Amino acid sequence: MSKFHVTTQVNGDEVEFLCDPRETLLDCLRDKLNLTGAKEGCGTGDCGACSVTVDGRLVCSCLMLGVEAEGKQIETVEGIADGDVLHPLQKKMIEYAALQCGICTPGILVAAKSLLEKNPNPTEEETRYWLAGNLCRCTGYDKIIRAVMDTAADLREAS
Amino acid sequence: MALDDRKSGFTFVGTRPDRPDGLDKVTGRAKFGADMSAPGMLHGAILRSPHAHARIVRIDTSKAEAHKYVKAVVTRADFAEVPFKPGLEGEFWNVLENVMAGEKALYDGHAVAAIAATSALAARDAVKLIEVEYEVLPHVTDVDKAMAPDAPVIREGAADYSVPEGVHPNVVRYHESGHGDVEAGFAEADLVIEDSFVTEATHQGYIEPHACLGQLGADGKGELWCTTQGHWIAQKTCAALLGIETSQLRVTASEIGGGFGGKTTVFIEPVALALSRKANRPVKIVMSRSEVFRATGPTASASMDVKIGMKKDGTITAAEGIFRLQGGAFPGAPGDMTAMCAFAPYNLTNVRQVGYDVMANRPKQAAYRAPGAPMGAFAVESVIDELCKKLDLDPIDVRLKNAAHEGTKASYGPTYEQIGLVESLEAAKAHQHYSAPLKPGQGRGISCGFWFNHGGETSVSLALSEDGSAQVMVGTPDIGGSRASMALMAAEVLGIPYENIRVTIADTATLGYNDVSHGSRVTYASGLATIKAAKHAVEKLCERAAAKWGIPVDAVKWENGCAVPSGPNAGDFDPLPLAEITANMGSTGGPISGHFEATPEGAGVSFGIHIVDAEVDPETGKTSVSRYTVIQDAGKAIHPAYVEGQYQGGAAQGIGWALNEEYIYGDDGRLQNSIFLDYRIPVASDLPMIDTVIVEVPNPGHPYGVRGVGETGIVPPLAAIANAVSHAAGVRMRQLPMSPPRILAALKQDG
């Protein structure tokens, strides 16, 4: 089967790749662009480890085809830090020991950043429901929720 | 280890610094199993049996081999050539049989053949071209049915000497232990309760599927990158299955995206190496989530009978349990562990426990966090709760009355050294959660839990650099922040900052053998090894200082990162900092390193108590956990934040096991729920915050008092939640998970 040429923007950089129409955006990010930060935990949109934003919308990149990325703006975990300056969420995740194995962390960060952009003052319940699409098997979510809410408080104070 | 070796008054241990791998893990840079690739790499795919039990009549690989993108096809025949080690035996044979089916497919999802192709898509397409003719055989997936006289036999001759005569051949191991006279004990009781319980198989549910990248040449030399809890066992097993020498295969452990016991063996790794040997190119295999569920280790399912006698004052007079565990189509279900752990928290005069290891047509069970212990605790702690209820006794007081302590002869044989059960129970009783008022409709449950903990073969090397920094090489993959703990312990001994120490998980070619990251052993055993290796280096540092000063080495002590003259020489010389000694170590005797290679055997046992508030929706049968507290003895918490994390994670997994998770098989023997949508693990909105109390009763077997903390946390939740449900809704749930339909059925029956 012939491949499609896709031009898209990832973390602010214009990139191109050739992909089979059956390949997911996640496959393309990982295998063609070597952006392996997004993970495949399920391939069915249930675990959120592959979370990215597409034109500002939070999606599971395993549920989107690579060809659908044409002309879009994609943000991945690799684009969250500003150079060597970590995003406050990244700092808090480390500070709170909110990761154990770290496989879900990229997806959690992308999803949590998306939450705080939409809702700078989420309740615990809102935070839990927003992150319900991101499975973590290590932490029981306690420290993750605390890290996200504390980041939100810091960002509110700073703004 | 002598107690006088024990340290107190810590500088670094007990603090909560950022983990050394934190930056890599929040930026996406950390390399997990599926994140590695190699030039010329092929992609593997595995064909799996759709039948629960079938004879493999014929495999035709010709169409797949003719596919233009396919570079190699392997079946069981490709593992039979073992020039160095003919005749695999024991567990290696079992693993081979699981990795690639021989004469029979033994469960839905059992690997039958594999291919390597030039792309992952091509591999997925071409694997379907392999034709397999099956003769479908009768199957059995339930533990009680697998023991029944008419059950199909999974494999003749799999039972060992322990199994009594007259038992079905699917029973492959038998365990019996205890002491005293249980019949006499039951006769002394004011109340005896006997009940039966069932738990379903659950999966470890690590978010990272198994993944590996293997290269094996015709010269018998190989490289393997894989996500594993133990790369030495992967090395040894793959070498055995492929007939190469162990040392010729270098295995590097990737960052590991969760294991919980499920990554302590191999599945795809030998297949990738066999494909690579045939194709002469590196081969990567990444499992899909469905493959993870169908073909990797769930825990055992269980059927259990427990009988406990109690006096009116709460004294347990006798306890007896029969635990039947189904572990898939291979020996290994931890019926013995269930039996040995079930009554371990209690000081019992009369106790007897029996464990069965039963085979059925399901995937080979793998360890899952305190393997076997949660099921037994579910049964035993539920019965104790019923006894407390009927005798109107406080459940913590009853457990305190019967609690094991130092000097107690454990239900499974040995005599306990210093343990922290009483202290943990007292902390639970004093915790404000235990006395907090309940809202209408809520119930509170508690449970104890026990796990042995493990030492295991351990090697650690520590090397000092000229600038005074240190690198520590450990061999236990870091599944929960252990690099931070190792650096803290090394810093404590060396007296240099935590940040000046880099801890690396060494590959199999650069360090001696290490047992797997399991048995809650890492902070205990690799920690002990790190301390000993650092002390070994400190001895050498002191020797260099002694030589420089011209005084005997026993007149030099190590304090706050400096060699200091002591005894009669005290004050004669200025303290000599580590970095000043290492700066010219090349000319004062050579590089300074410390080592430890041994098998630490003082892993202290561990106890925990969980307090749960739950409420049950009478209309839907849904149970919500509204408050949760974990109290557990850590011996000494090296990095308390990661100790809390283990407690919270264990509790969350236990909540999933108690309320929702289960392997569901159809009548056809096929797994019905092999994706996360249908096998639903707890999500953030299912859980409350999980409060933790770290009790510290030092383990005499560790220089800093450490006990493993990883596993015990999953032992109490099953019963604690069942007990909370019983108090909230008035129904005693004897089968897990307590899913809404089961609770509704119980409510209906009850009312």
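Cut-offs and rules
Residues numbered from 1 in each chain as written. Chains lettered and ligands numbered in written order. Predicted model: local features only at pLDDT ≥ 70, side-chain atom pairs only at ≥ 80, totals over all residues. Helix = DSSP H or I, 4+ residues; strand = E, 2+ residues; numbered from the N terminus. Rg over C-alpha atoms; globule rule 2.2 N^0.38 Å. Buried ≥ 20, exposed ≤ 12 C-beta atoms within 10 Å, placed from the backbone. Pairing = 2+ DSSP bridges. Axes fitted to C-alpha atoms, helices over the stretch in contact; angles between N-to-C directions. Contact = placed C-beta atoms within 7 Å. Core = buried A, V, L, I, M, F, W, Y, C linked by C-beta atoms within 7 Å. Nonpolar A, V, L, I, M, F, W, Y, C, P; charged D, E, K, R; others polar. Parallel < 35°, antiparallel > 145°, perpendicular 65-115°, else oblique. Left-handed = near helix turned anticlockwise from the far one by under 90°. Domains from an automatic or database assignment.

Draft legend 1. Summary view of the overall build of chain A. Within chain A, the regular secondary structure consists of 5 helices and 5 strands. For chain A, the C-alpha radius of gyration of 16 Å lies close to 15 Å, the compact-globule estimate for 159 residues. Viewed in the frame of its principal axes, chain A has a C-alpha envelope of about 50 × 30 × 25 Å. Within the span of chain A, comprising 159 residues, buried residues form 57% of the whole.

Draft legend 2. Main features of the sheet that holds strand S9 (residues 211-216) of chain B. Residue and element names in this part refer to chain B. Spatially, 7 strands are ordered S3-S5-S1-S12-S9-S10-S11 in an open sheet, and the strand pairing comes out mixed. Where the open sheet ends on each side, the last strands, each with one partner, are strand S3 (70-74) and strand S11 (249-253). Strand-to-strand twist across the sheet, computed as the mean angle between neighbouring axes with direction ignored, equals 20°. In the sheet, strand S1 (residues 42-48) pairs with strand S5 (residues 111-117) via 6 bridges, with the strands oriented antiparallel. Opposite arginine 48, over in S5, you have alanine 111 as the bridge partner. The sheet contacts of helix H8 (residues 231-242) involve S9, strand S10 (222-226) and S11, and relative to S11 the element is tilted by about 145°. Contacts from helix H9 (residues 269-279) reach S1, S3, S5, S9, S10 and strand S12 (283-286), with the element oriented near 35° to S9.

Draft legend 3. Looking closely at the sheet that holds strand S26 (residues 690-695) of chain B. Residues and elements named next belong to chain B. Spatial strand order, S16-S24-S25-S26: 4 strands in an open sheet with mixed pairing. In the strand order of this sheet, the two ends are held by strand S16 (442-451) and S26, each with one partner. Going from strand to strand, the sheet's axes swing by 15° on average, the running direction of each strand aside. One ladder, built from 10 bridges, connects S16 with strand S24 (residues 606-616); its direction is antiparallel. Counted as the bridge partner of cysteine 448 is isoleucine 609 from S24.

Draft legend 4. Molecular detail of the environment of glycine 705 of chain B. The topology assignment puts glycine 705 of chain B in the loop between S26 and helix H20 (717-729). Counting along the chain gives 70 residues from glycine 705 of chain B to glycine 635 of chain B, while the straight-line C-alpha distance between them is 5.2 Å.

Draft legend 5. How the structure looks around the nonpolar core. All names here are of chain B. Ile115, Val271, Ala490, Ile721 and Val725 are the most contacted members of the largest nonpolar core, which has 303 residues in total. Tallying contributions element by element places helix H17 (residues 522-549) first for this core, with 13 residues. Apart from the residues lying within four places of it in its own chain, the contact partners of alanine 490 are Leu462, Ala470, Val472, Ile501, Thr530 and Ala534.

Draft legend 6. Focus on the interface of chain A and chain B. Between chain A and chain B, the residue contacts involve 46 residues of the former and 42 residues of the latter. Looking at the side of chain A that touches chain B, the elements with two or more residues in it are helix H2 (88-95), helix H3 (105-118), helix H4 (124-130) and helix H5 (142-158) of chain A. Tallying contributions element by element places H2 of chain A first for the side of chain A that touches chain B, with 4 residues. Split into classes, the residues belonging to the side of chain A that touches chain B amount to 22 nonpolar, 12 polar and 12 charged.

Draft legend 7. Structural detail: the packing of H3 of chain A against H5 of chain A. Residue and element names in this part refer to chain A. Remark: H3 packs on H5, axes separated minimally by 11 Å, with the N-to-C direction vectors making an angle of 40°. Judged by the angle between their axes, H3 and H5 are oblique. The crossing of H3 and H5 is right-handed. From H3, Ile108, Ala112 and Leu116 reach across to H5, where they touch Ile144, Val148, Thr151, Ala152 and Leu155. Here the residues of the contact of H3 with H5 sort into 7 nonpolar, 1 polar and no charged.

Draft legend 8. View of the pairing of strand S25 (residues 623-633) of chain B. Residues and elements named next belong to chain B. Among the 11 residues in S25, 8 count as buried, and that is most of the element. With 9 bridges joining them, S24 and S25 adopt antiparallel strand pairing. Note on S25: the bridge partner recorded for isoleucine 609 is isoleucine 631. Connecting S24 to the antiparallel partner S25 that follows it, the hairpin turn spans 6 residues, and glycine 621 within it adopts a positive phi of roughly 80°. Pairing geometry for S25 and S26, over 6 bridges, is parallel.

Draft legend 9. Geometry of the packing of H8 of chain B against H9 of chain B. All names here are of chain B. Taken N-terminus to C-terminus, the directions of H8 and H9 make an angle of 50°; their axes are 9 Å apart at the nearest point. Classified by the interaxial angle, the pair formed by H8 and H9 is oblique. The handedness of the crossing between H8 and H9 comes out as right-handed. On H9, the residues touching Ala234, Cys238, Leu241 and Leu242 of H8 are Glu269, Pro270, Leu273 and Ala274.

Draft legend 10. Representation of the domain arrangement of chain A in the model. Residue and element names in this part refer to chain A. The domain architecture assigned to chain A consists of domain 1 (4-79) and domain 2 (88-158). Between the C-alpha centres of domain 1 and domain 2 the distance comes to 22 Å. No other element matches strand S3 (residues 51-54), which puts 3 residues into the side of domain 1 that touches domain 2. For the side of domain 1 that touches domain 2, the residue count by class is 7 nonpolar, 6 polar and 1 charged.

Draft legend 11. Local environment of the domain arrangement of chain B. Residues and elements named next belong to chain B. By domain assignment, chain B separates into domain 1 (3-30 + 455-598) and domain 2 (372-453 + 604-750). Each of domain 1 and domain 2 has a C-alpha centre, and the two are 37 Å apart. Domain 1 puts 21 residues into the contact, and the matching count from domain 2 is 23 residues. Where the side of domain 1 that touches domain 2 is concerned, the elements lending two or more residues are helix H16 (482-494) and H17. It is H17 that contributes the most residues to the side of domain 1 that touches domain 2, 5 residues altogether. Of the residues assigned to the side of domain 1 that touches domain 2, the class counts are 8 nonpolar, 8 polar and 5 charged.

Draft legend 12. Region of interest: the environment of serine 447 of chain B. All names here are of chain B. Note on placement: serine 447 falls in strand S16. Between the alpha carbons of serine 447 and alanine 52 there is a distance of 37 Å; along the sequence they are 395 residues apart. Residues contacting serine 447, with those up to four places away along its chain left out, are Ala377, Glu381, His610, Pro716, Ala719, Ala720 and Asn723.

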